[in-house]
Amino acid sequence: MSAGPTMQDAMPSYDPMERAELARRRAETRLAGTIADFFLDADARLDDRTRLMLAQVLGAIVGAIEWDIRRHASRLLAGGGATQAGEAMLKAGAGTVLERLTRAGLLRDEELMEELIARVRHDLIAASLPVEVAAPDEASLLVRLAGVPDSVVASAASALLAAESRRRMANEQGSVGGSELPAELHHRLVWWVAAAIRDGLKTATRDSDRAITDAAQRSLAAHDEGERPDAVATRLAAALDARPNELGAVLVESIGDRRLSLFVAVLAHALGIGFDQARAIALDPEGDRLWLALRALDMDRPTIARIGLALSEADPRRDIEAFADALDAIVSIGVEDARASIAPLALNRDFRMALRALARTERR
């Protein structure tokens, strides 16, 4: 009769040398991060509110993609008779994908983080904008647009109301609405998540690889970037196609209605640039490019002042006194000079990205 497993057999192996080495590496990594953070310029450091929301949004997006892939891959495996493999797919490494991608450095991707940081700052500023009602008993801008006879404008306005409501609810609940990333970034992240799920399986088989691949492709097929608030706002701005004599009122009322996405989209449409470029201009705390853009559209002093004051109130990074001091100089900029200064923004996006990449190599 053989003796049962001893207490020593049941305990996990504990290698003191290995544990000590792991602790040493963790301490080195922590120290390197602390030093890097200390020497960051103040304007490059994320404030606590932005950092918290960025972590929440990134975790929610990765978690949602992970769950979709695991769930569908598990169904495929169970449907093919591999019930245990399907159960393992749901359990193995669940919730560790974000950590795995972080350790691998994949989430440091510049385009991904630029998009997410811009989205977080956009949403925080939009939520903090002061509400300015045109008339006490008048409905908000989007509600009025949703009821106009022009069906294209009304449909786009209704879609934006719904999209922004989903985004706001997702931010409040720490979850994800639908279609949170542009298609290219969603594609990249889906395959990273799929690889991390596969990496976490104790035993990977041809069937599990096929199931993960099929589930990832399903996630890609279901993604519709046209549902994002940015895309919907862009459609509404194109449908409105505000004339020069209407533009100032639309921009001011968008800001007063706390519809920052519509403000950005109208600005982008008027300048003939992409939404992402106009958003970067609007979120820039110095505001120099925004003032140039507004002067390029021949906006007058009261319009620029109202926009600048509203953004200064909503964004603690902005210096409202510096803006007030510079207002005369801003208004004195000639329209043609302003247009010439922002002309490079209208270049093809891929061309601009290539120029930026070349400029980075020159600075090294």
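Residues numbered from 1 in each chain as written. Predicted model: local features only at pLDDT ≥ 70, side-chain atom pairs only at ≥ 80, totals over all residues. Heavy atoms only, no water.

Caption draft 1: The arrangement of the pattern of salt bridges in detail. According to the stated counting rule, one finds 26 salt bridges in the structure shown. For Arg-71, the salt bridge is made with Asp-68, and the minimal N-O distance between the two is 3.0 Å. Taken as a pair, Arg-71 and Asp-68 lie in helix 3 (residues 48–79) at a separation of three residues, close to a single helical turn. With relative accessibility at 37%, the residue Arg-71 sits in the partly exposed group. (Salt bridge = Lys/Arg side-chain N within 4 Å of Asp/Glu carboxyl O. Helix = DSSP H or I, 4+ residues; strand = E, 2+ residues; numbered from the N terminus. Buried < 20%, exposed > 50% of the residue type's maximum accessible area, 1.4 Å probe, protein only.)

Caption draft 2: Region of interest: empty space enclosed by the protein. Considering all chains together, one arrives at three cavities of 30 Å³ or more under this definition. Reported here for the largest cavity is a volume of approximately 80 Å³. Together, Asp-47, Arg-49, Thr-50, Arg-121, Leu-124, Ile-125, Asp-315, Pro-316 and Arg-317 line the largest cavity. Put simply, the parts of the chain that give the lining of the largest cavity at least two residues each are helix 3 and helix 6 (110–128). Per-element accounting of the lining of the largest cavity gives the leading share, three residues, to helix 6. (1 Å grid on protein atoms, 1.4 Å probe; cavity = no way out; pocket = protein on both sides within 12 Å on 5 of 7 lines; lining within 4 Å. Points joined across faces, edges and corners; volume = space filled by probe spheres on them.)

Caption draft 3: Inspection of helix 18 (residues 335–342) at higher detail. Regarding helix 18, the residues found buried are Val-335, Ala-338 and Ile-342. One side of helix 18 holds all its buried residues, which, seen down the axis, span an arc of 65°. Exposed side of helix 18, more than 90 degrees from the buried face: Glu-336, Asp-337 and Ala-340 are the residues found there. On its buried face, helix 18 is in contact with helix 13 (260–271) and helix 15 (288–296). (Arc of directions from axis to C-beta. Contact = heavy atoms within 4.5 Å.)

Caption draft 4: Inspection of the confidence of the model for the protein at higher detail. Considering every residue of the protein, the mean pLDDT works out to 87; 92% of them sit at 70 or more. Between the elements of the protein, mean pLDDT differs from a low of 43, seen in helix 1 (residues 7–10), to a high of 96, seen in helix 13. Low confidence marks residues 1–12, where pLDDT is under 50. Its contacts with residues over four positions away, or in another chain, come to zero contacts. (pLDDT = per-residue confidence, 0-100.)

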